[in-house]
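Residue strings, one per chain:
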Amino acid sequence: MDEDQIEGCVSGYLKQKGFTQNEDQLQLTNTDSSLQPDTLNRTQLERGSARYHDGYGRLRSWAYRSLDSYKHELLRVLYPVFIHCFMYLVAKGQLQEAWNFFNTFREDHEMIHSRDLQKLELVLSPTHLEEMEFAHSLRQSKFNIKICGYSYELLLQHLHSMQSTTIIGIINEHISFQVTTGQPSSISDDPEAVTLTGSIQDAANQINQKEILWGMFEDSVEDHIDKAGALLSDTEKGEGEGKEGENDESKKRSIDGGKQGSSIKKVKKEKASSATGKNAKPEANTISAAPRIKPELPLPTVSTDVELSILEDLRNRVQLSSVALPSVNFYTFVNTHNGLSCSSISHDGSLIAGGFSDSSLKVWDMAKLEQQPTTSFWQGGNDTSQNEQLFGQNSGKKQYTLFQGHSGPVYGATFSPAGDFILSSSADKTIRLWSTKLNANLVCYKGHNYPIWDVQFSPAGHYFASCSHDRTARIWTMDRIQPLRIMAGHLSDVDCVQWHANCNYIATGSSDKTVRLWNVQSGECVRVFIGHRSMILSLAMSPDGRYMASGDEDGTIMMWDLSSGCCVTPLVGHTSCVWSLAFSCEGSLLASGSADCTVKFWDVTTGIKVPRNEENRSGNTNRHRSLKSLPTKSASVYSLQFSRRNLLFAAGALAKSG
């Protein structure tokens, strides 16, 4: 018998016995029972969404009430739990509850993870979790959190007392803890405190196993000078041994001169040694010791005039160290009305270029500018060695050379090594080559599909690299209008590009918070550097080609070892975007320019020599490596350039007051 037959039999029996009201009550009961499953499902859904909200809220309150010594490490757990609670709610289709949860707790992570939150705001349905690369990678990967043993025990005790299977399940599935011994540390001290492991990290580790040759290229001008200096030193040594007998006789004759004569000679000898030491090649311990690598690309020949100019600069190079900082010549753009998009300085500091939002490129010749009486100089304070020069557009007579041809804002500019050419990249998806001698546009290069953020000449000239909003970087030559190589692999905009010292590699920094190193010849990615928490805005290569520095939007600078692909040390001190980085010629100092209106010097040799484990034991922090900070007069620093004589040139735009 089916349910209808049973219900009919029961109704007939009740009518025979005179219970007519019970029939109506039976129908009402059946009607209520048919609605009961939906009511239960709705109640279960409400309870399910509340579990994520309540569980995260209790964990958050406990973490913020913890002792200050453990709070930094315990707060690291909140962000992974937050985003996975949000994505779980979206995956279950509870969009309203997901957005209530997101908007309630997003302020906790706005300062550090603002860009991640902006991407998660685009998740409007469960299908978006699968289609969006960022969300998909988060769900497929695990967070690796470094935490000390005391903090780990406190967290386990609290999770046990919470008895929240929802939060425990998220932590167990998406977080792995790296428990360390010793005292807890601040999150700013270790860039690897919170990292992603899984598909992205595994792919990066596999790529980083590839071999790279990080030395300088053979047959460069510096290489020739180093060899000539070695031969000269051997010749001088032989001549000194030949004259040793004569010097002994002269010493015997000068004994009667007394102590006064010997003291005078000693003083002269010390002065001579100090003078030669000042002009001695500072790269003897670093650059000369770097291996020489044959370039894989055919490089252009260097003219005799350029070689003589480089030789003259190397003879007059000043040795820099932590106690001998360089002089800084700062050029300030005024009256730009927030229209300056980029700036570039030639290798000798004689030419300054500015790219503007009105699609124009303007080049100032310092030799001509200094001859005009309207030019003004500002001398820095008593404790700095910074000269500041102002030049603008409202000075009556035109002081610059105007290059027009782009149809969109100019975002990047770079001078050739000799300064006779300049490249500019624009939002109009083109790169233009200009002649500073003819003051004319020579070539227009097309290939990118979206705005081009940066362009850089190679150290040898002729070749250049560009990067764009289309997530690619491209290699070009001056004599071809089509790119030679296309480097694809970043998950977001490629914001900056930099050449390696031996011209065999380029580095790219992206909004996906990674830096990649590419082989120019094959177009293959050979290194992936993971550790930044925001988009990368600037890159710099050490002169010996072994290390790389990268600066991000949060003001953090990281030093990377190219051979291992690991972060050597983070440099923390800037409070805003790091727009430019530059190594000194011998590689002992790193200069950084930021939107916080400062130029900072860093002793990178100390950071390289001190292992991280010893540093953590001694309690030293990264801020101690900042040698000096030179503030500007309310001017954001756009570009930095060390000359071959180790003079630092800098340029920036005066911030709009009021």
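All of these numbers come straight from a predicted model, not from anything done at the bench.

What about the overall build of the protein chain?
Helix and strand counts for the protein chain come out as 18 helices and 34 strands. Expressed as a percentage of the 658 residues in the protein chain, the buried residues total 47%. For the protein chain, contacts bridging at least 24 residues in sequence account for 59% of all contacts bridging at least 6. Here the protein chain displays about 32,700 Å² of accessible surface, and carbon together with sulfur accounts for 50% of that area.

Things to note about the environment of Ala460
Topologically, Ala460 is positioned in the loop between strand 17 (452-457) and strand 18 (463-468). You can call Ala460 partly exposed: its relative accessible area is 23%. Between the alpha carbons of Ala460 and Asn502 there is a distance of 8.9 Å; along the sequence they are 42 residues apart. In this structure, Ala460 is in contact with Leu299, Pro300, Pro417 and Cys503, ignoring residues within four places of it in sequence.

A closer look at helix 15 (residues 304-315)
Counted at 1.5 Å a residue, the expected span for helix 15 with its 12 residues is 16 Å, and the 16 Å between its end C-alpha atoms agrees. Of all the residues in helix 15, the buried ones are Ile310, Asp313 and Leu314. Down the axis of helix 15, the sector holding all buried residues measures 100 degrees, keeping them to one side. Turned more than 90 degrees away from the buried face of helix 15, the exposed residues are Thr304, Asp305, Leu308 and Arg315.

What to know about the nonpolar core
Grouped burial of nonpolar side chains is what soluble globular proteins tend to show. Formed by 40 residues in total, the largest nonpolar core has its most connected members in Leu59, Val81, Phe82, Phe86, Phe101 and Ile167. A total of 10 residues in this core trace back to one element, the largest contributor, which is helix 4 (residues 78-91). Once you skip the residues sitting within four places of it in the chain, Ile167 turns out to touch Gly55, Tyr56, Leu59, Val81, Cys85, Leu159 and Met162.

Describing the pairing of strand 14 (residues 421-426)
Burial analysis of strand 14 places five of its six residues in the buried class, the great majority of the element. Across five bridges, strand 13 (residues 410-415) lies against strand 14 in antiparallel orientation. The residue bridging Ala413 from the neighbouring strand is Ser424, located in strand 14. With antiparallel pairing between neighbouring strands as the criterion, strand 13 and strand 14 make up a hairpin whose turn holds five residues, including Gly419 at a positive phi of roughly 80 degrees. In terms of strand pairing, strand 14 meets strand 15 (residues 430-435) through five bridges, oriented antiparallel.

Quick word on the packing of helix 4 against helix 5 (residues 95-105)
Following both chains from N to C, one finds helix 4 and helix 5 inclined at 160 degrees, their axes separated by 8 Å at the closest point. Judged by the inter-axis angle, helix 4 sits roughly antiparallel to helix 5. Like other packed secondary-structure pairs, helix 4 and helix 5 cross with a definite hand, here left-handed. Each of Phe82, Cys85, Phe86, Leu89 and Val90 in helix 4 lies in contact with helix 5, whose residues at this interface are Leu95, Glu97, Ala98, Trp99, Phe101, Phe102 and Phe105. Looking at side-chain class alone, the contact of helix 4 with helix 5 contains 11 nonpolar, no polar and one charged residues.

Details of the pattern of salt bridges
Scanning the model with the defined rule gives 10 salt bridges in all. Measuring nitrogen to oxygen at the nearest pair gives 2.5 Å for the salt bridge that ties Glu524 to Lys210. Note that Glu524 is positioned in the loop between strand 23 (514-519) and strand 24 (525-530) and Lys210 in the loop between helix 11 (199-207) and strand 4 (216-217), a separation of 314 residues in sequence. Among the residues examined, Glu524 registers a relative accessible area of 37% and is labelled partly exposed. Counted as one network, the salt bridges with shared partners bring together Arg106, Glu110 and Glu121.

Structural notes on the packing of aromatic side chains
Aromatic rings considered in pairs are described by the distance between their centres and by the relative angle of their planes. With the rule as written, the count across this model stands at 23 aromatic pairs. With centroids separated by 6.2 Å and ring planes inclined at 20 degrees, the aromatic side chains of Tyr52 and Tyr88 adopt a geometry described as stacked. A residue pair is termed long-range when its members are at least 10 positions apart, and Tyr52 in helix 2 (residues 20-64) and Tyr88 in helix 4 qualify at 36 residues. The exposure class assigned to Tyr52 is buried, which follows from its relative accessible area of 5%. One aromatic cluster is present, formed by Tyr56, Phe82, Phe86, Trp99, Phe101, Phe102 and Phe105 through successive ring pairs. Over the aromatic face of Phe356 sits the side chain of Lys362, whose NZ or CZ is 4.7 Å from the ring centroid.

So, the sheet that holds strand 21 (residues 494-499)
With antiparallel pairing, four strands are arranged side by side in an open sheet as 21-22-23-24. Two strands in the sheet have a free side with no partner beyond their single neighbour: strand 21 and strand 24. Taking each pair of neighbouring strands and ignoring which way they run, the sheet shows an average axis angle of 20 degrees. As judged from the five bridges shared by strand 22 (residues 505-510) and strand 23, these two strands associate in the antiparallel manner. Within strand 23, the position partnered with Gly509 by the bridge is Val515.

Remarks on the sheet that holds strand 26 (residues 547-552)
Think of a sheet as strands paired side by side through backbone hydrogen bonds, with each pair either parallel or antiparallel. On the basis of which strands lie adjacent, the open sheet formed by four strands has the order 25-26-27-28 and antiparallel pairing. For this open sheet the edge positions go to strand 25 (536-541) and strand 28 (566-571), each flanked by a neighbour on one side alone. Here the strands of the sheet are splayed against their neighbours by 25 degrees on average, with no regard to which way each runs.

A look at helix 10 (residues 165-174)
The set of residues buried in helix 10 consists of Thr166, Ile167, Ile170, Ile171 and His174. Buried residues of helix 10 fall within an arc of 130 degrees about the axis and therefore sit on the same side. Exposed residues pointing more than 90 degrees away from the buried face of helix 10 are listed as Thr165 and Asn172.

So, the confidence of the model for the protein chain
Scored by pLDDT, the protein chain comes out at a mean of 78, with 72% of its residues at no less than 70. Within the model, pLDDT remains below 50 along residues 28-46, and this stretch shows two contacts once partners closer than five positions in the same chain are excluded. A low-confidence stretch, residues 609-624 (pLDDT under 50), is modelled with 21 contacts involving residues beyond four sequence positions or located in other chains.

A closer look at the packing of helix 4 against helix 10
Look at helix 4 against helix 10: their axes get within 10 Å of each other, and the N-to-C directions meet at 110 degrees. By the criterion of interaxial angle, the relationship of helix 4 to helix 10 is roughly perpendicular. Between helix 4, through Val81, His84, Cys85 and Tyr88, and helix 10, the contact on the second element is made entirely by Ile167, Ile170, Ile171, Glu173 and His174. Here the residues of the contact of helix 4 with helix 10 are counted per class, giving six nonpolar, two polar and one charged.

A word on the pairing of strand 8 (residues 351-356)
With six of six residues buried, strand 8 lies mostly within the body of the structure. Residues Leu351, Ala353 and Gly355 point to one face of strand 8 and Ile352, Gly354 and Phe356 to the other, with burial holding for every one of them. Across five bridges, strand 7 (residues 340-345) lies against strand 8 in antiparallel orientation. In the sheet register, Ser343 faces strand 8, and the bridge partner there is Gly354. As consecutive antiparallel partners, strand 7 and strand 8 are separated by five residues, and within that stretch Gly349 has a phi angle of approximately 75 degrees, a positive value. Sheet topology places strand 8 next to strand 9 (residues 360-365); five bridges connect them, and they run antiparallel. Directly across from Ile352, in strand 9, lies its bridge partner Trp364. Linking strand 8 back to strand 9 in an antiparallel pair, the connection comprises three residues, with Ser359 at a positive phi of about 75 degrees.

Conventions we followed
Residues numbered from 1 in each chain as written. Predicted model: local features only at pLDDT ≥ 70, side-chain atom pairs only at ≥ 80, totals over all residues. Heavy atoms only, no water. Helix = DSSP H or I, 4+ residues; strand = E, 2+ residues; numbered from the N terminus. Buried < 20%, exposed > 50% of the residue type's maximum accessible area, 1.4 Å probe, protein only. Contact = heavy atoms within 4.5 Å. Areas by Shrake-Rupley, 256 points an atom, 1.4 Å probe, with all protein chains shown as cover. Expected span 1.5 Å × (residues − 1). Arc of directions from axis to C-beta. Core = buried A, V, L, I, M, F, W, Y, C linked by side-chain atoms within 4.5 Å. Pairing = 2+ DSSP bridges. Axes fitted to C-alpha atoms, helices over the stretch in contact; angles between N-to-C directions. Parallel < 35°, antiparallel > 145°, perpendicular 65-115°, else oblique. Left-handed = near helix turned anticlockwise from the far one by under 90°. Nonpolar A, V, L, I, M, F, W, Y, C, P; charged D, E, K, R; others polar. Salt bridge = Lys/Arg side-chain N within 4 Å of Asp/Glu carboxyl O. Phe/Tyr/Trp six-rings, centres within 6.5 Å; stacked < 30°, edge-to-face > 60°. Lys NZ or Arg CZ within 6 Å of the ring centre and 35° of its normal. pLDDT = per-residue confidence, 0-100.

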